[in-house]
Amino acid sequence: MFIENGSGGFMGDLTLNGGWTFQGILLNNCKIGFDLFTSSSTQGVGAVAIIDAEVKDTPTFLRMSQSSETPPLTGSLALDNIRLTNVPVAVSTASGRTLLYGGTMRIESWAHGMVYTGADPDGQLIRGSIHPTHKPASLLTPDGKVFGKMHPQYENLRVADIISIKACGALGDGRTDDTVAIQKALNEASLQVFGCSDFPTDFLVGHMCDMLFATIGPAAGAIVVEWNVKEPVDQQGGAGMWDTHIRLGGGRELLMDPGDRDRD
């Protein structure tokens, strides 16, 4: 779900099936923050991950319909960096059983579900604190949350500020070599891209949006995209990709047959 603009809105009594990831959630003065319909006999929520949530003055942060003790698991759950303020119950079941007590505290990393080690296909059912995932400082905001940035809209730019690679002669059909046209666009933008063997002397603000990378024909071992861009120190998210896809294994007009895909 992506909601943008509008002066107000309300959603309630939603039914969400499958697996979901929630990040940056703020809950205040709710009876139950999340009420998960989990079931081993019919379609329900299979897995939920909640990251960087703040919950205040809410009796129960999260409630499950059922909680399996043995596989097949019902309602796999992962919590990471959850801050509770006056939240007596962190996780419970619909029957009233408390799986994790709350209070005023921080849940660093907690899981209810299967944990797999190495090549073990069976895994182990756990419920409790787990070792937190290491997050480099460059991926975090000053308050310790995972950094994110919405798809750029470039609303402050004029039409004249934008150079179209297709207007410079690129076809973008997945077959034509558009190197000359792309270089022409870079020249018109007075943008210089340098390669070096040690450390970069300059930093780059670069956005890659709504693009598709793929290989043409058999290309075993191909490096499709190599990202080697360092953003300016004062512009977190200055270099990034949004809605950019890498397709391997063929597609329409990519000159591959099933045998080629098997070899790759």
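Source: prediction; values computed, not measured.

Some details on the confidence of the model for the protein
Phase 1 of the analysis: Of all residues in the protein, 75% have pLDDT values of 70 or greater, and the mean over the chain is 80.
Phase 2 of the analysis: For the protein, helix α2 (residues 258-263) is the element with the lowest average pLDDT, namely 56, and strand β6 (residues 76-93) is the one with the highest, namely 94.
Phase 3 of the analysis: This stretch, residues 192-201, has a pLDDT under 50; its non-local contacts, to residues over four places away or in other chains, come to 0 contacts.

Concerning the pattern of salt bridges
It is possible for side chains of opposite charge to pair when their charged atoms get near one another.
Phase 1 of the analysis: On inspection of all chains with the given rule, the structure shows 4 salt bridges.
Phase 2 of the analysis: The salt bridge involving R63 is made with D35; its shortest N-O contact spans 2.7 Å. Taken together, the residues span a long stretch of sequence, with R63 in strand β5 (residues 60-64) and D35 in strand β3 (residues 32-36) at a distance of 28 residues.
Phase 3 of the analysis: Here K135 and D80 are joined by a salt bridge, their closest N and O atoms 2.9 Å apart. Within this pair, whereas K135 is found in the loop between β8 (124-129) and α1 (179-188), its partner D80 is found in strand β6, the two being separated by 55 residues in sequence.
Phase 4 of the analysis: Classification of K135 by relative accessible area gives partly exposed; the value is 26%.
Phase 5 of the analysis: According to the relative accessible area criterion, D80 is buried, its value standing at 11%.

Re unusual backbone geometry
Phase 1 of the analysis: Here the phi dihedral of D57 falls at roughly 50 degrees; this positive angle occurs in a residue that is not glycine.
Phase 2 of the analysis: One can find D57 in the loop between β4 (45-56) and β5.
Phase 3 of the analysis: Even without a glycine there, the phi angle at D210 is positive, about 55 degrees.

Structural notes on the side chain of T58
Phase 1 of the analysis: Turning to its location among the elements, T58 is positioned in the loop between β4 and β5.
Phase 2 of the analysis: T58 sits in the buried class, given a relative accessible area of 1%.
Phase 3 of the analysis: At a separation of 3.2 Å, a polar atom in the side chain of T58 contacts the main-chain amide nitrogen of C30.
Phase 4 of the analysis: If we skip the residues at most four places from it in the chain, T58 touches L27, N28, N29, C30, K31, I32, G33, N86, V87 and P88.

Focus: a nonpolar patch on the surface
Phase 1 of the analysis: On the surface, Y154, L157 and I162 cluster together into a nonpolar patch covering about 290 Å² of accessible area.
Phase 2 of the analysis: Checked against the element boundaries, I162 lands in the loop between β8 and α1.
Phase 3 of the analysis: Judged by its relative accessible area of 55%, I162 is exposed.

Side note on the pairing of β5
Phase 1 of the analysis: The element β5 is largely enclosed, with a buried count of 4 among its 5 residues.
Phase 2 of the analysis: Two strands pair when backbone bridges link them, and β3 and β5 are joined in this way by 4 bridges, in the parallel orientation. Across the sheet, the residue bridging to I32 is T60, located in β5.
Phase 3 of the analysis: Two strands pair when backbone bridges link them, and β5 and β6 are joined in this way by 4 bridges, in the parallel orientation. Across the sheet, M64 pairs through a bridge with T93, a residue of β6.

Re the packing of aromatic side chains
Phase 1 of the analysis: Enumeration over the complete set of coordinates arrives at 3 aromatic pairs.
Phase 2 of the analysis: Ring centres 5.1 Å apart and planes at 65 degrees place the aromatic pair F22 and F34 in the edge-to-face group. Taken together, the residues span a long stretch of sequence, with F22 in strand β1 (residues 18-23) and F34 in strand β3 at a distance of 12 residues. Just as F22 is buried, F34 falls in that class too.
Phase 3 of the analysis: Between the aromatic rings of F34 and F61, the centroid separation amounts to 6.0 Å while the plane-to-plane angle is 90 degrees, which identifies the pairing as edge-to-face. Placement of F34 in strand β3 and of F61 in strand β5 is noted, with a sequence separation of 27 residues between them.
Phase 4 of the analysis: Cluster of aromatic residues (ring-pair linked, three or more members): W20, F22, F34 and F61.

Let's talk about the nonpolar core
Phase 1 of the analysis: Of all hydrophobic cores here, the largest spans 23 residues; its most connected members are I50, F61, L62, L79, I82 and V91.
Phase 2 of the analysis: When residues of this core are traced back to their parent elements, those giving at least two are β3, β4, β5, β6 and β7 (98-115).
Phase 3 of the analysis: It is β6 that contributes the most residues to this core, 7 residues altogether.
Phase 4 of the analysis: Residues in contact with F61, not counting those within four places in the same chain, are L27, I32, G33, F34, I50, V55, L79, I82, L84, V87, V89 and A90.

Parameters and conventions
Numbering of residues begins from 1 in every chain and follows the order in which that chain's sequence is written. Selection of residues for local features in this predicted model requires a pLDDT of at least 70, selection of side-chain atom pairs for listing and counting requires 80 or more, and totals for whole chains, interfaces and linings are taken over all residues. Water and hydrogen atoms were dropped before computing side-chain values, which therefore reflect all heavy atoms in the structure. Confidence scores labelled pLDDT are given residue by residue by the predictor and lie between 0 and 100. Only DSSP runs of H or I with at least four residues qualify as helices, and only runs of E with at least two residues qualify as strands; both kinds are numbered from the N terminus onward. Only heavy atoms enter the contact rule, under which two residues are in contact if any of them lie within 4.5 Å. Definition used for salt bridges: Asp or Glu carboxyl oxygen within 4 Å of a side-chain nitrogen of Lys or Arg. Think of it in three bands: residues with accessible area under 20% of the maximum for their type are buried, residues over 50% are exposed, and the middle band is partly exposed, with areas taken using a 1.4 Å probe on protein chains only. Polar contact criterion, stated in full: a pair of N or O atoms within 3.5 Å, where within protein one must be able to donate a hydrogen and the other to accept it, and residues adjacent in sequence count only if both atoms are side-chain atoms. Two distance rules govern patches: like charges are joined within 9 Å, and nonpolar side chains (Val, Leu, Ile, Met, Phe, Trp, Tyr) within 5 Å, applied only to residues with over 30% relative accessible area and no salt bridge. For the accessible areas, the method is Shrake-Rupley and the probe is 1.4 Å, while residue cover comes only from the protein chains on display. Strand pairing is assigned whenever DSSP detects at least two bridges linking the two strands. Two rings belonging to Phe, Tyr or Trp (six-membered ring only in the last case) form a pair when the distance between their centres is within 6.5 Å. Interplanar angles under 30 degrees mark stacking, angles over 60 mark edge-to-face geometry, and anything in between is tilted. Side-chain atoms within 4.5 Å link the members of a nonpolar core, which is a set of buried Ala, Val, Leu, Ile, Met, Phe, Trp, Tyr and Cys residues.

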